[in-house]
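Listed here are the chains, written in short residue letters.
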Amino acid sequence: MQTLRLIPDDDGLDRAARLLATGACVAIPTETVYGLAADARDGAAVAGIYQAKGRPSFNPLIVHIPDLATARTLAQFPPEAQSLAQTFWPGALTLVLPLRPDAGIASLVTAGLDTVGLRVPAHPVAQALLRRTGPLAAPSANASGRISPTTADHVLDRDTGLDGRIAAVLDGGPCPVGLESTIICWHDGHATLLRPGGIPTEAIEAALGHPLARHQADPSAPNAPGQLTSHYAPRAALRLNARPEPGETHIAFGPGPLTLSPTADLTEAAARLFDILRRADAQGLPISVAPIPDHGLGAAINDRLRRAAAPRP
Ligand code: TXA
Ligand code: MG
């Protein structure tokens, strides 16, 4: 199939909405990364996401909606979830909540769980599209296990992308945050961090007024959320917390020929992370990465770097 690159004007948005209504998959910009969207109420359309990505297993997918009022028709909101949604939506926060029995979400979206991951994206193109469609299921729009896309060119990349495998990409320019959303769920009533991401953990803890529980790895459930060891993988081997060595491509944090941020700014580093990893990988040498401070967005950057450096399956 020929993948269309759509300009996100009224005509392009209408075309994307029509494609989605017929069960096609369309890559869409969000403020975090590009998502590969399908109608969350159409199981066959959602299956198309797995087919296009070549994803080996059915992980639950995040459902995108335009606002909190729509989210409340899909899931139950305990008081803490309501307050986080009011503080951080629209934005880079996903809440995993009890699914309403009448939500009408395809069971493939939740992988059969009785919870659903919900996010209201802030990106104006995602917002404009969601006003024309129903809820959209969307994981990151890359081939399975590859680096997440933060531009339409990444989505269409010959090796790591989805050109020829999806109906269209809405080109909304580079994603401003550049890291996937922070995911919070409730375990036994305790707000729990499932994945660090675009909203710093500290900001969420400040809004809650108490620390988040940390998700404990369950060795008996290797495919549980956040448990995939190798993810976001470049082709090259990756050394972390490293000084530059000859024969490697070095990614700096601070001044350097290839740097996440010349001024050592964590927000800029997050926005550039996946693009810089791609550029380093294109050099064909092993990659080393300078130490990144582990606070604020740095915690999410280090999470993605550890996954990129993990042994491949
Ligand atoms: O920023 C983002 O979150 C991007 C953009 C496109 O919105 N999406 C994204 O989706 O990163 P994906 O599929 O790559 O990550 C979804 C994560 C997975 O780790 C999944 O296990 C978790 O969300 N998740 C979704 N629904 C869940 C549920 N019901 N219970 C537990 N985890 C869930
Ligand atoms: Mg992903």
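Look a little higher up for the structure.
Keep in mind that this is a model prediction, so the values were computed, not measured. Per chain, residue numbering runs from 1 following the sequence as it is written. Chains and ligands are labelled by the order in which they are written, letters from A for the one and numbers from 1 for the other. Residues qualify for local features only when their pLDDT is at least 70, as the model is predicted, and side-chain atom pairs are given and counted only at 80 or more; totals for whole chains, interfaces and linings, by contrast, use all residues. Only heavy atoms go into the side-chain values, all of them from the structure, while hydrogens and water stay out.

(A) Fine view of the sheet that holds strand S11 (residues 213–214). Taken in spatial order, the 11 strands line up as S1-S8-S2-S3-S7-S4-S6-S5-S9-S10-S11 in an open sheet, and their pairing is mixed. Two strands bound the open sheet, and with one partner strand each, they are strand S1 (4–6) and S11. Relative to strand S6 (residues 115–119), strand S4 (residues 62–64) is paired through three bridges, and the arrangement is parallel. Note on S6: the bridge partner recorded for Ile 62 is Gly 117. What makes two residues a contact is simply this: any of their non-hydrogen atoms within 4.5 Å. With axes taken as lines fitted to C-alpha atoms, and helix axes fitted only over the stretch in contact, angles between N-to-C directions fall between 0 and 180 degrees. Only DSSP runs of H or I with at least four residues qualify as helices, and only runs of E with at least two residues qualify as strands; both kinds are numbered from the N terminus onward. Running over the sheet, helix H2 (residues 43–53) touches strand S3 (35–39) and strand S7 (136–137) and is turned about 150 degrees from S3. The pairing criterion for strands is at least two bridges between them, as found by DSSP.

(B) The environment of Asp 42, seen in detail. Position of Asp 42 relative to the elements: it lies in the loop between S3 and H2. Put simply, Asp 42 and Val 109 are 67 residues apart on the chain and 9.3 Å apart in space, counted from C-alpha to C-alpha. Beyond its immediate stretch of four places on either side in the chain, Asp 42 contacts Gly 23 and Ala 106. Contacts described as polar in this section are N or O atom pairs within 3.5 Å, which, within protein, must combine one atom able to donate a hydrogen with one able to accept it, while residues neighboring in sequence count only if both atoms come from side chains. Within the local environment of Asp 42, its side chain forms a polar contact with the backbone nitrogen of Ala 44, the two atoms lying 3.1 Å apart.

(C) Focus on the sheet that holds strand S13 (residues 249–251). Taken in spatial order, the three strands of this open sheet run S12-S14-S13, and their pairing is parallel. The open sheet is flanked by strand S12 (238–239) and S13, the only strands paired with a single partner. In this sheet, strand S14 (residues 287–289) lies alongside S12 in parallel orientation, the contact comprising two bridges. Following the sheet pairing, Leu 238 is matched in S14 by Ile 287. Contacts from helix H9 (residues 266–281) reach S12, S13 and S14, with the element oriented near 170 degrees to S13.

(D) Just helix H8 (residues 201–208), in detail. Buried means the residue's accessible area, taken with a 1.4 Å probe over protein chains only, is under 20% of the maximum for its type, while exposed means over 50%, and partly exposed covers the values in between. Of the residues making up H8, those classed as buried are Thr 201, Ile 204, Glu 205 and Leu 208. Buried residues of H8, seen end-on, are gathered within an arc of 100 degrees and therefore sit on one face of the element. Turning to H8, the residues buried within the fold contact helix H4 (79–88), strand S5 (93–98), strand S9 (182–187), strand S10 (190–195) and S11. Remark: Gly 209 follows H8 within two positions and exhibits a positive phi of approximately 85 degrees. Arc definition: directions from the helix axis to the C-beta atoms.

(E) Looking closely at the pattern of salt bridges. The salt bridge definition used is simple: a Lys or Arg side-chain nitrogen within 4 Å of an Asp or Glu carboxyl oxygen. Here the structure, examined in full by the defined rule, presents 13 salt bridges. With its nearest N and O atoms 2.8 Å apart, the salt bridge here joins Asp 14 to Arg 132. Of the two residues, Asp 14 is situated in helix H1 (residues 10–21) and Arg 132 in the loop between helix H6 (124–130) and S7; the sequence distance between them amounts to 118 residues. Residue Arg 132 is classed as partly exposed on the basis of its relative accessible area, which comes to 32%.

(F) Highlighting the site of ligand 1. A cutoff of 4 Å decides nearness: a residue is near a molecule or strand if any of its heavy atoms lies inside that distance of it. Around ligand 1, 24 residues are found, and the nearest of them are Thr 32, His 64, Thr 115, Ser 181 and Arg 195. Measuring from an oxygen atom of ligand 1, one finds a side-chain N or O atom of Thr 32 at 2.7 Å. Measuring from an oxygen atom of ligand 1, one finds a side-chain N or O atom of Arg 195 at 2.9 Å. Only the protein chains shown count as cover for residues, and the accessible areas themselves come from Shrake-Rupley with a 1.4 Å probe. A total of 680 Å² of accessible area belongs to ligand 1 in isolation, and the protein chains cover 94% of it. Looking at the shell around ligand 1, the elements with two or more residues in it are S4, S6 and S10. With four residues, the single largest contributor to the shell around ligand 1 is S6. Class assignment for the residues of the shell around ligand 1 results in 12 nonpolar, eight polar and four charged. Amino acids outside the nonpolar list (Ala, Val, Leu, Ile, Met, Phe, Trp, Tyr, Cys, Pro) and the charged list (Asp, Glu, Lys, Arg) are all regarded as polar, and Gly is one of them.

(G) Spotlight on the pairing of S6. Extensive coverage of S6 is indicated by the burial of four of its five residues. Where S5 lies against S6, four bridges are found, and the strand directions are antiparallel. From the neighbouring strand, Leu 97 faces S6, where its bridge partner is Val 116.

(H) Quick peek at the packing of H9 against helix H10 (residues 297–309). One way to put it is that H9 packs onto H10 with a least axis distance of 9 Å and a crossing angle of 15 degrees. The angle between H9 and H10 falls in the class roughly parallel. Both H9 and H10 take part in a crossing whose hand is left-handed. Together, Leu 266, Thr 267, Ala 269, Ala 270, Leu 273, Phe 274 and Leu 277 of H9 and Leu 297, Gly 298, Ile 301, Arg 304 and Leu 305 of H10 make up the contact between the two elements. Residues that form the contact of H9 with H10 fall into these classes: nine nonpolar, two polar and one charged. Oblique is the label for every angle not falling under 35 degrees (roughly parallel), over 145 degrees (roughly antiparallel), or within 65 to 115 degrees (roughly perpendicular). By definition, turning the near helix anticlockwise from the far helix through less than a right angle yields a left-handed crossing, and turning it clockwise yields a right-handed one.

(I) Representation of unusual backbone geometry in the model. Residue Trp 89 is joined to Pro 90 through a cis peptide bond whose omega torsion reads -5 degrees. Relative to the elements of secondary structure, Pro 90 occurs in the loop between H4 and S5. One non-glycine residue with positive phi stands out, namely Asn 241, at about 50 degrees. Relative to the helices and strands, Asn 241 resides in the loop between S12 and S13. In this structure, Ala 264 is a non-glycine residue whose phi angle is positive, near 55 degrees.

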